Amino acid sequence: MTDQRIAVVVLAAGQGTRMKSSLPKVLHPLAGLPLIGHVLRTAESIDPAHVAVVVRHDRDRVAAEVAERMTDALVVDQDEIPGTGRAVEVAVAALPATFDGVVVVLSGDVPLLDAESLRQLVDAHLQGGNGATLISAIADDPHGLGRVVRDDAGAFQSVVEHKDADDTQRTISEVNAGVYAFDVAHLRSVLPIIGTANAQGEKYLTDAPPLIAERGGRIDVLRLDDPWLVAGINDRAQLAAVGRELNARIVRRHQLAGVTVVDPATTWIDLDVTIEPDARILPNTQLEGATAIEAEAVVGPDTTLRDTEVGVGAHVTRTDATLAVIGARASVGPFAYLRAGTILGEDGKIGTYVETKNAKIGRGSKVPHLSYIGDAEIGERSNIGANTITANYDGVNKHRTDVGSDVRTGSHNVFVAPVRIGDGAYTGAGTTVRKDVPAGSLAISYAPQRITEGWVEEHRPGTAAAEAARRARGE
């Protein structure tokens, strides 16, 4: 149920020049989501009646991302007037005129703010009957951040941006998080009168609380003990720092839920990854997207899984997999490459230096080593010999290879698709299968072996090989 008292405004109009990127800042990825994806999830957590996202720089790309993640969000364009105050002004104007509740303002580049802290903000605002409520934190290094200025009694006075602060104000370590709750009536009354007489020539949203106070509105500040929750991202170094912190929290959450993570420092887990208790994650492992790992599975070391399912008790070692399904008690790797559409059945094996793509490998079947299996289906309990290739592409179209159950194929086989190998069939080493092999048959590509004695001594005289042959004949 939506809370009809709440509207959320997300500020995502900035260019983010310090990122030095062609990608808009709020679209940079963090733990499997763009920055704005994290913020939208947090917004959704308080069930607002309305969400308005303010865009400007590269607006179409940002708007498309917003629409994909929140279909009912309002996308509002900021005009030529710069500043966060103007951004909120156009967003509030886009809300229904009848809305008379709380406007929560979030920054699109503050991804770690959690649902609990946001709910605390709204509750404190409503319970206090405030005109405005700000979130603040104590920063170890407040350089570049707006300072929260208080009077001698500790009451809020103002927020001063770093560029506008004097030397005394710059010694303040309490910083503005850029996250607010406003009574919409108070906000509507002060936004039009905010000016641009400041170092950046912008309409600062931070000017709104003092103006609301002048009109009798109560101003309060909710100080969070954890500064990471309100850490903003302005450059790549900050993106990496926040990423490390978020990853450490994700890893710890899984550990406390019963997952063994041997080396948290080299293990990276995206936000939407699920891992069941008693799974083991070994060093240098990356789990991305919607990867799901079931109990007693062992993943790693040196493994990257993207949107991949790993069944109960499976072992995945030194493997790169995308959009793959690995069955219970199956074994993958080392040095395996599972491309999209790979499905490995229970107790199956994809071994060393094997690449698969769009391939279904049945229960108990094995592709042990040095093979490529693409656009193929292998039945149950079959064994594919070393150095086997499914020749699935004719230069224009892809074709399928079907291998039945209980099949044994020899080493160095080529299956020229489309082709079918029936249940229980065998193929000899070095066979090129161009025609269907009936069930229970043996297929062999036979060519007589020719031997020309004395060829090396005649054609390669004086070489080490010729000398070795001469000695061998003498023996």
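Coordinates for the structure precede this section.
The rules behind these values
The numbering scheme is per chain: residues are counted from 1 as the chain's sequence reads. For a predicted model such as this one, the threshold for reporting local features is a pLDDT of at least 70, and the threshold for listing and counting side-chain atom pairs is 80 or more; totals across whole chains, interfaces and linings nevertheless cover every residue. Excluding hydrogens and water, the side-chain values take into account all heavy atoms of the structure. Secondary structure elements are taken from DSSP: a helix is a run of H or I of four residues or more, a strand is a run of E of two residues or more, and numbering for both begins at the N terminus. Per-residue accessibility, obtained with a 1.4 Å probe over protein chains only, is compared with the maximum for each type, and a residue is labelled buried under 20%, exposed over 50%, and partly exposed between these values. Residues adjacent in sequence count toward polar contacts only when both atoms are side-chain atoms; beyond that, a polar contact is any pair of N or O atoms within 3.5 Å, and within protein one must be able to donate a hydrogen and the other to accept it. The contact criterion used throughout is that any non-hydrogen atoms of two residues lie within 4.5 Å. By this definition, two strands are paired if DSSP reports at least two bridges between them. Take a side-chain nitrogen of Lys or Arg and a carboxyl oxygen of Asp or Glu: if they are within 4 Å of each other, that pair is a salt bridge. Helix span, as expected, comes to 1.5 Å for every residue beyond the first.

Here we look at the side chain of Asp3
Next up, step 1: Looking at where Asp3 falls in the secondary structure, it is placed in strand β1 (residues 3-12).
Next up, step 2: Note on Asp3: relative accessible area 14%, which makes it buried.
Next up, step 3: For Asp3, the side chain forms a polar contact with the side chain of Arg5, separated by 2.8 Å.
Next up, step 4: Leave out the neighbours within four places in its chain, and Asp3 touches Ile46, Asp47, Pro48, Ala49 and Arg119.

What to know about the sheet that holds strand β31 (residues 408-409)
Working definition: the strands of a sheet are paired by backbone hydrogen bonds and lie parallel or antiparallel to each other.
Next up, step 1: Strand order across the open sheet formed by three strands is β31-β34-β36, with parallel pairing between neighbours. Lying at the two open borders of the sheet, with one neighbouring strand each, are β31 and β36 (442-443).
Next up, step 2: Here two bridges tie strand β34 (residues 426-427) to β36, and the two strands are oriented parallel to one another. Bridge pairing in β36 links Tyr426 to Leu442.

Examining the environment of Pro29
Next up, step 1: When you line up the elements, Pro29 lands in strand β2 (residues 29-30).
Next up, step 2: Between the alpha carbons of Pro29 and Ile384 there is a distance of 40 Å; along the sequence they are 355 residues apart.

Examining the environment of Ser382
Next up, step 1: Among the secondary structure elements, Ser382 is positioned in the loop between β28 (366-378) and β29 (389-391).
Next up, step 2: The sequence separation of Ser382 and Ala7 amounts to 375 residues, and the corresponding C-alpha distance is 59 Å.
Next up, step 3: Sequence-distant contacts of Ser382, that is, excluding residues within four places in its chain, are made with Gly364, Ser365, Lys366, Gly404, Ser405, Asp406, Val407 and Arg408.
Next up, step 4: A polar atom in the side chain of Ser382 sits 2.9 Å from the backbone nitrogen of Val407.

Quick word on the pattern of salt bridges
Next up, step 1: Scanning the entire structure with this criterion turns up 32 salt bridges.
Next up, step 2: Where Lys25 meets Asp109, a salt bridge forms, and the shortest distance between an N and an O atom there is 2.7 Å. Of the two residues, Lys25 sits in the loop between β1 and β2 while Asp109 sits in the loop between β6 (102-107) and α4 (115-128), which places them 84 residues apart along the sequence.
Next up, step 3: Residue Asp109 is classed as buried on the basis of its relative accessible area of 15%.

Looking at helix α7 (residues 236-256)
Every α-helix winds through 3.6 residues per turn, so residues three or four apart in the chain are directed the same way.
Next up, step 1: For α7, which comprises 21 residues, the first-to-last C-alpha distance of 30 Å matches the rise-based estimate of 30 Å (1.5 Å per residue) to within 8%.
Next up, step 2: Of the surrounding secondary structure, the elements contacted by the buried residues of α7 are β2, α1 (35-44), β12 (260-261), β13 (267-269) and β14 (274-275).
Next up, step 3: The N-terminus of α7 is capped by Asp235, whose side-chain oxygen sits 3.2 Å from the backbone nitrogen of Ala237.
Next up, step 4: Looking at the residues trailing α7, positive phi occurs at Gly258, about 105°.

Structural notes on helix α3 (residues 84-94)
Next up, step 1: Summarising burial for α3: eight of the 11 residues are buried, a large majority.
Next up, step 2: Burial in α3 covers these residues: Gly85, Arg86, Ala87, Val88, Glu89, Val90, Ala91 and Val92.
Next up, step 3: Residues of α3 that are buried in the fold lie against β1, β4 (48-55), β5 (74-77), β6 and α5 (184-190).

Comments concerning the side chain of Ser136
Next up, step 1: Within the element layout of this structure, Ser136 appears in strand β7 (residues 132-138).
Next up, step 2: There is a polar contact of 2.7 Å between the side chain of Ser136 and the side chain of Glu174.
Next up, step 3: Each residue touching Ser136, except ones within four places of it in the same chain, is listed here: Val148, Glu174, Val175, Ala177, Val221, Leu222, Arg223 and Leu224.

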